[in-house]
Amino acid sequence: MIDIVALRTLVALDALGSVTATADSLGYTPAAVSHQLQKLSRYLGAPVTERSGRGISLTPMGRELSSRGAQILHDLEGIEAEARARSGEPRGRITVGGFSTGIRGLLVPALPRLREAAPELTVTNVESDPDELVEMVSAGRIDAALIFDWNSSVLRLPSTLTSEVIAVDRADIVMHRDHHLASRAEVTRTDLVGEVFVSAPRGAVCHRWLVALFEDLSSEPRVEYWAVEYDTQVEFCRSMRALALVPRLGRPHLPADVTAVPLDDPTIARSIHVVWRRSMTNSPAIALLREELQAIAGEFETACG
């Protein structure tokens, strides 16, 4: 019978494209990945991989085995989730992905509760962008993920995944208290035309959201400074009097000379979802994770009014 570990290694290689990435995702060494692939080839009597430049790629047989093997692994995961559901006790190990503020604002506060409620459950995490997180959950590299989409955009997921909304997170305009807009109770998008912004890099989800604010104003944001982390963006607000579009969840502590002014449109917000594979819906661990994330999100929304 084909070894499940070797099959999982082949499927991961097919999804990720390199031995190094496969090793990182599975927690193996590159040598261990190579060993599993060689063992699978020996068992089948034909190679499942071949040299391709400086790396390796799957042979036609390897691609066929990976395609069918992915479904087998999906079915096995569903069987395991149903079996664990009968005991009702969350146990084992799950890996949860998330974007930075989602991890800070939702997952980290949930971890002590998860540990207390399920001592035999281990929860680890990875951090990445929403698009990459969806691919990671779909490929089985992680078990669930916190992702977000802006405003009323439709969340598009592979048919093997499902999701639920955890929270709706509004964003404010962060600025120095000396800025001429700082005394406003609210600001409009029109107020922001021509103002200097600091933004996440071009193409990043948060940059796309900032650009979208100006689309129906026949304008674009005047971005003069760039920073990935919100903490750094806040420093640009302090030092260079730039503005930053910063969501409330997981927001860093604002210095005394920096303030956050709400936008007048409450629909300018991001919906935060937890995503998991349908095959794990009956998993007690996934059910408990969702329950605790919902509780943390409810407390956050209550605190924000």
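Remember, it's a predicted structure, so these values are computed and weren't measured experimentally.

Novice: Any chance you could explain the overall build of the protein here in plain terms?
Specialist: A tally of helices and strands in the protein yields 10 helices and 11 strands. Dimensions along the principal axes, computed over C-alpha positions, put the protein at roughly 75 × 50 × 30 Å. Counting only residues that meet the buried cut, the protein has 44% of its 305 residues in that class. Distance from the positive charge centre (31 side chains) to the negative charge centre (40 side chains) of the protein: 4 Å.

Novice: How should the packing of aromatic side chains be read in this particular structure?
Specialist: What characterises a pair of aromatic rings is the spacing of the ring centres plus the angle enclosed by the ring planes. Counting across every chain of the model gives 3 aromatic pairs. With a centroid separation of 4.6 Å and 75° between ring planes, the pair formed by Phe-99 and Phe-148 is classed as edge-to-face. Of this pair, Phe-99 sits in the loop between β3 (92-98) and α5 (100-117) while Phe-148 is found in strand β5 (residues 144-150), placing the two residues 49 residues apart along the sequence. Assessed through its relative accessible area of 8%, Phe-148 is described here as buried. Each ring, one from Tyr-225 and one from Phe-236, has its centre 5.1 Å from the other, and the planes form 25°; the classification is stacked. Taken as a pair, Tyr-225 in strand β8 (residues 222-226) and Phe-236 in helix α9 (residues 230-240) lie far apart in primary sequence, 11 residues in all.

Novice: Would you explain a negative patch on the surface in this entry?
Specialist: Residues Glu-127, Asp-129, Asp-131, Glu-132, Glu-135, Glu-229 and Asp-231 make up a contiguous surface patch of negative charge. Ranked by residue count, the leading element in the negative patch is helix α6 (residues 130-138), at 3 residues. Tracing the backbone shows Asp-131 in helix α6.

Novice: What exactly am I supposed to notice about the domain arrangement of the protein here?
Specialist: It is common to report an interface's size as the accessible area lost on association of the parts. Per the domain assignment, the segments of the protein are domain 1 (2-82), domain 2 (89-166 + 268-302) and domain 3 (167-267). Averaged C-alpha coordinates put domain 1 and domain 2 at centres separated by 26 Å.

Novice: Can you help me understand the nonpolar core in this one?
Specialist: Counting residues in each nonpolar core, the largest one holds 48 residues, and the members touching the most others are Leu-106, Ile-173 and Leu-192. At the level of secondary structure, the elements contributing two or more residues to this core comprise β3, α5, β4 (121-127), β5, β6 (161-176), α8 (205-212), β11 (269-277) and α10 (284-304). Counting residues per element, this core draws most heavily on α10, which supplies 8 residues. Residue assignment places this core across two domains, with domain 2 (89-166 + 268-302) and domain 3 (167-267) each supplying three or more.

Novice: Looking at this structure, how should I read unusual backbone geometry?
Specialist: Despite not being glycine, Ser-218 shows a phi value in the positive range, around 55°. With a relative accessible area of 76%, Ser-218 lands in the exposed category. Unlike most non-glycine residues, Arg-241 shows phi in positive territory, near 60°. Under the relative-accessibility criterion, Arg-241 is labelled partly exposed at 36%.

Novice: Help me understand the confidence of the model for the protein in this model?
Specialist: Close inspection of predicted coordinates is inappropriate in any region flagged by low pLDDT. When pLDDT is averaged along the protein, the result is 88; 95% of the residues meet or exceed 70. Element-level pLDDT for the protein is lowest in helix α4 (residues 60-87), with a mean of 75, against a maximum mean of 98 in strand β7 (residues 196-199).

Novice: Would you explain the packing of α5 against α10 in this entry?
Specialist: Packed helix pairs are specified by the crossing angle of their axes together with the interaxial distance, meaning the distance between the axes. Axis separation between α5 and α10 bottoms out at 9 Å; the angle between their running directions is 130°. Between α5 and α10, the angle is such that the two are oblique. Seen from above, α5 lies across α10 with right-handed handedness. Seen from α5, the contacting residues are Gly-105, Leu-106, Leu-107, Pro-109, Ala-110, Arg-113, Leu-114 and Ala-117; seen from α10, they are Leu-288, Leu-289, Glu-292, Leu-293, Ala-295, Ile-296, Ala-297 and Glu-299. Along the lines of polarity and charge, the residues of the contact of α5 with α10 split into 12 nonpolar, 1 polar and 3 charged.

Novice: Help me out: how do you make sense of the pairing of β11 in this one?
Specialist: In terms of burial, β11 is largely enclosed, as 9 of its 9 residues are buried. Taking every second residue as pointing to the same face, both faces of β11 are buried, with Ala-269, Ser-271, His-273, Val-275 and Arg-277 on one and Arg-270, Ile-272, Val-274 and Trp-276 on the other. Pairing of β5 with β11 involves 7 bridges; the strand directions are antiparallel. What sits directly across from Ala-145, in β11, is Val-275.

The rules we used
Residues numbered from 1 in each chain as written. Predicted model: local features only at pLDDT ≥ 70, side-chain atom pairs only at ≥ 80, totals over all residues. Heavy atoms only, no water. Helix = DSSP H or I, 4+ residues; strand = E, 2+ residues; numbered from the N terminus. Buried < 20%, exposed > 50% of the residue type's maximum accessible area, 1.4 Å probe, protein only. Lys, Arg positive; Asp, Glu negative; His and termini not counted. Charge placed at Lys NZ, Arg CZ, Asp CG, Glu CD. Phe/Tyr/Trp six-rings, centres within 6.5 Å; stacked < 30°, edge-to-face > 60°. Patch = residues over 30% accessible without salt bridge, like charges linked within 9 Å, V, L, I, M, F, W, Y side chains within 5 Å. Areas by Shrake-Rupley, 256 points an atom, 1.4 Å probe, with all protein chains shown as cover. Salt bridge = Lys/Arg side-chain N within 4 Å of Asp/Glu carboxyl O. Domains from an automatic or database assignment. Core = buried A, V, L, I, M, F, W, Y, C linked by side-chain atoms within 4.5 Å. pLDDT = per-residue confidence, 0-100. Axes fitted to C-alpha atoms, helices over the stretch in contact; angles between N-to-C directions. Parallel < 35°, antiparallel > 145°, perpendicular 65-115°, else oblique. Left-handed = near helix turned anticlockwise from the far one by under 90°. Contact = heavy atoms within 4.5 Å. Nonpolar A, V, L, I, M, F, W, Y, C, P; charged D, E, K, R; others polar. Pairing = 2+ DSSP bridges.

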